[in-house]
Amino acid sequence: MTNRRNFLRSAGAMGLGAAAVSRVAAASLPEAVTQSSAATQPAPAPSTGRPYNPVVTLNGWSLPWRMKDNVKEFHLVAEPVVRELAPGMKARLWGYNGTSAGPTIEAVEGDRVRIFVTNRLPEPTSVHWHGLLIPSGMDGVTGLTQPAIAPGKTFVYEFTLTKSGTFMYHPHADETLQMAMGMMGLFIVHPKDTRQHKVDRDFALLLAAYDIEPGSATPKVNTMLDFNLWTWNSRVFPGIDPLVARTGDRVRIRVGNLTMTNHPIHLHGHTFEVTGTDGGWVPKSARWPEVTTDVAVGQMRAFEFDAVAGDWAFHCHKSHHTMNAMGHDVPTMIGVDARGVVEKITQLVPDYMHMGDKGMHDMGEMEMPLPDNTLPMMTGSGPFGGIGMGGMFSVLKVRDDVKPGDYRDPGWFKHPAGSMAREYTGELEPAMRAPSPAADANTLKARKPTGHQGH
Ligand SMILES: [Cu+2]
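Residues numbered from 1 in each chain as written. Predicted model: local features only at pLDDT ≥ 70, side-chain atom pairs only at ≥ 80, totals over all residues. Heavy atoms only, no water.

Trainee: What is the right way to read the overall build of the chain from this model?
Mentor: Looking only at helices and strands, one finds four helices and 26 strands in the chain. Looking at the chain as a whole, 47% of its 455 residues qualify as buried. Within the chain, counting contacts between residues at least 6 apart in sequence, those at least 24 apart form 74% of the total. Accessible surface computed for the chain: about 22800 Å², of which carbon and sulfur atoms make up 55%. (Helix = DSSP H or I, 4+ residues; strand = E, 2+ residues; numbered from the N terminus. Buried < 20%, exposed > 50% of the residue type's maximum accessible area, 1.4 Å probe, protein only. Contact = heavy atoms within 4.5 Å. Areas by Shrake-Rupley, 256 points an atom, 1.4 Å probe, with all protein chains shown as cover.)

Trainee: I'm lost on the coordination of the copper ion in this one. Help?
Mentor: Reference values for coordination geometry: four tetrahedral donors around a metal ideally subtend 109.5 degrees, six octahedral donors ideally subtend 90 or 180 degrees. Coordination of the copper ion by the protein is provided by H263 (ND1), C316 (SG) and H321 (ND1), with metal-donor distances spanning 2.0 Å. Mapped onto the sequence, the residues coordinating the copper ion show the spacing H-x52-C-x4-H. (Donors = N, O, S within 2.8 Å, 3.2 Å for Na, K, Ca; no water.)

Trainee: Got a minute to help me understand the side chain of H75 in this structure?
Mentor: Relative to the helices and strands, H75 resides in strand 5 (residues 71-86). A polar contact of 2.7 Å, which involves the side chain of H75, links it to the side chain of T118. (Polar contact = N/O pair within 3.5 Å; in protein donor to acceptor, adjacent residues only side chain to side chain.)

Trainee: Please explain the sheet that holds strand 17 (residues 263-267) as it appears in this structure.
Mentor: Remark on secondary structure: sheet strands pair via backbone hydrogen bonds, oriented parallel or antiparallel. On the basis of which strands lie adjacent, the open sheet formed by five strands has the order 15-26-23-17-21 and mixed pairing. Looking along the sheet, the strands with just one partner apiece sit at the ends: strand 15 (243-246) and strand 21 (292-295). Shown here is a sheet whose adjacent strand axes are inclined to one another by a mean of 20°, direction ignored. Pairing geometry for strand 15 and strand 26 (residues 393-399), over four bridges, is parallel. Its bridge partner lying in strand 26, A245 is registered against V398. (Pairing = 2+ DSSP bridges. Axes fitted to C-alpha atoms, helices over the stretch in contact; angles between N-to-C directions.)

Trainee: Mind showing me how you'd approach the pairing of strand 8 (residues 112-119) here?
Mentor: For a regular strand, the rule is simple: side chains alternate between the two faces of the sheet. Of all eight residues making up strand 8, seven are buried, and the element is well covered by its neighbours. Note that strand 5 and strand 8 share seven bridges and pair parallel. Within strand 8, the position partnered with L76 by the bridge is V117. Sheet analysis places strand 8 next to strand 10 (residues 154-160), joined by seven bridges and oriented antiparallel.

Trainee: Would you mind showing me how to read the pairing of strand 6 (residues 89-96) here?
Mentor: Summarising burial for strand 6: six of the eight residues are buried, a large majority. Taken together, strand 5 and the strand that follows it, strand 6, pair antiparallel across an intervening segment of two residues, in which G88 is found at a positive phi of about 110°.

Trainee: Sorry, what's going on with the nonpolar core here?
Mentor: Generally speaking, soluble globular proteins have nonpolar side chains that are buried together. L76, I105, I115, W129, L132, F159 and F187 are the most contacted members of the largest nonpolar core, which totals 34 residues. Elements that contribute at least two residues to this core include exactly strand 5, strand 6, strand 7 (105-108), strand 8, strand 10, strand 11 (165-170) and strand 12 (185-190). Leaving out residues up to four positions away in the same chain, I115 has contacts with F74, L76, I105, W129, F155, V156, Y157, F159 and F187. Among the nonpolar cores identified, the runner-up in size contains 29 residues, and L207, W230, F272 and V274 belong to it. (Core = buried A, V, L, I, M, F, W, Y, C linked by side-chain atoms within 4.5 Å.)

Trainee: Explain the environment of C316 to me, please; I cannot follow it from the model alone.
Mentor: Positionally, C316 belongs in strand 23 (residues 310-316). Note on C316: relative accessible area 1%, which makes it buried. Between the C-alpha atoms of C316 and F393, which are 77 residues apart in sequence, the distance is 6.7 Å. If we skip the residues at most four places from it in the chain, C316 touches W232, H263, P264, I265, H321, T322 and M392.

Trainee: In this structure, what is going on with unusual backbone geometry? I would like to understand it.
Mentor: Comment: phi is negative for the bulk of residues other than glycine, and the bulk of peptide bonds are trans. Cis geometry is found at the peptide bond from S100 to A101, where omega equals -5°. Following the sequence through the fold, A101 ends up in the loop between strand 6 and strand 7. Put simply, F237 and P238 share a cis peptide bond, and its omega is 10°. Take P238: it is sitting in the loop between strand 14 (229-232) and strand 15. Even without being a glycine, D69 presents a positive backbone phi close to 50°. Relative to the assigned elements, D69 resides in the loop between strand 4 (66-68) and strand 5. Using a relative accessible area of 70% as the deciding quantity, one classes D69 as exposed. A positive phi angle is found at S234, which is not glycine, with a value near 55°. Turning to its location among the elements, S234 is positioned in the loop between strand 14 and strand 15.

Trainee: Please clarify how the packing of aromatic side chains should be interpreted in this entry.
Mentor: Note on aromatic pairs: each is described by the distance of the centres and the angle between the planes. If you walk through the whole model with that rule in mind, you get 13 aromatic pairs. Considering the side-chain rings of W129 and Y157, the 5.3 Å spacing of their centres and the 80° angle between planes classify their relative orientation as edge-to-face. Pair noted here: W129 is in strand 9 (residues 128-130) and Y157 is in strand 10, with a separation of 28 residues, a long-range link. Given the relative accessible area of 2%, Y157 is considered buried. Aromatic ring contacts, followed pair by pair, group Y96, W129, Y157, F159, Y169 and F187 into a single cluster. Sitting over the face of the ring of W65, K72 holds its NZ or CZ atom 4.3 Å from the ring centroid. (Phe/Tyr/Trp six-rings, centres within 6.5 Å; stacked < 30°, edge-to-face > 60°. Lys NZ or Arg CZ within 6 Å of the ring centre and 35° of its normal.)

This is how it looks when you write it as structure tokens:
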């Protein structure tokens, strides 16, 4: 795991505007720590200030702070970034301090925070602190509560954190474009009492969607619904790290949604309870068991469960959200008899590959030639073959023998003898079947060709 940190030392090098921050304040800006790796960087225990149990930002990192006169000072830099969405594809996004999603800000209930925001984008921006209860003038809405932060300028936000929970930050300036480009981050406020809401594993991720045409790298920013890359912290499967826990661990997963549609987030092998929203903690008496929780647009959901040994799929239940780009224009070919046609097409297009007449499983297994900088639609391999997933998918890996503090990827689960599905080769009784009518002349065999009509 790499941990490359580049320190931007000189405030002058960042082109700070004298109008936005006084000379004295500019000279004393906290360093803007940046990160270029997309690997999960476990946050260290806090070295100053109140103690807390840090979260694990999936394929992300937490922003260091500087303590000054009992105020935690953070420095966010809004800037263009290159983000690897998964091995084989890099996207040109906008983010903070080198990454999209930006670094997680972690602080404690009661903390006073001072957050410097430097704009290195080509257009104005601002930062809104989603869910935090702060003075109106700190709310970050361009035009309404503050002038926009012009390119090259630095603004400072300062407020006291009055309640613990799971929050986010994102621009409130040219929002559609800036969020379509990946500008967002998590803001975690930990309880003052470290025993309160304590868990063994605390994961956090943000949902973001992009529309990047195969063979390109920059998102189309005016797309409203038809995105083709569904990401967690701007990563897609198989680029999303597994979530590792020990059997019996109390696990929390915090999910925030800054896409344009809802995401039913589903976990196999467990029942969980939603214990927090961006409004705060849910009282025990108001929780109910679930295996899927819908995270609507602009919402956060934190849910908790006791970890059970195994390799458990964890994904968005909208099946198009567990696929990468290229899926949408493919016509339905199931049941189409293409013999003869394939031969003729091959004479014209030697590389032609006919697919889909028996379903699309092959697409996950086959090595198809793809445009540069493009990920396969359905991919990833497991111990038993192709997983055939993409987008918003990962694996919760729970093991009995995880050593304290050592949550590295343990490899694949070893299923106890007799506890795995297997091929049956014995005698078979005829299966009970509902009667179905026989196909006749009115049952069309071919799909009428059409152009792409949307969904
Ligand atoms: Cu989804």
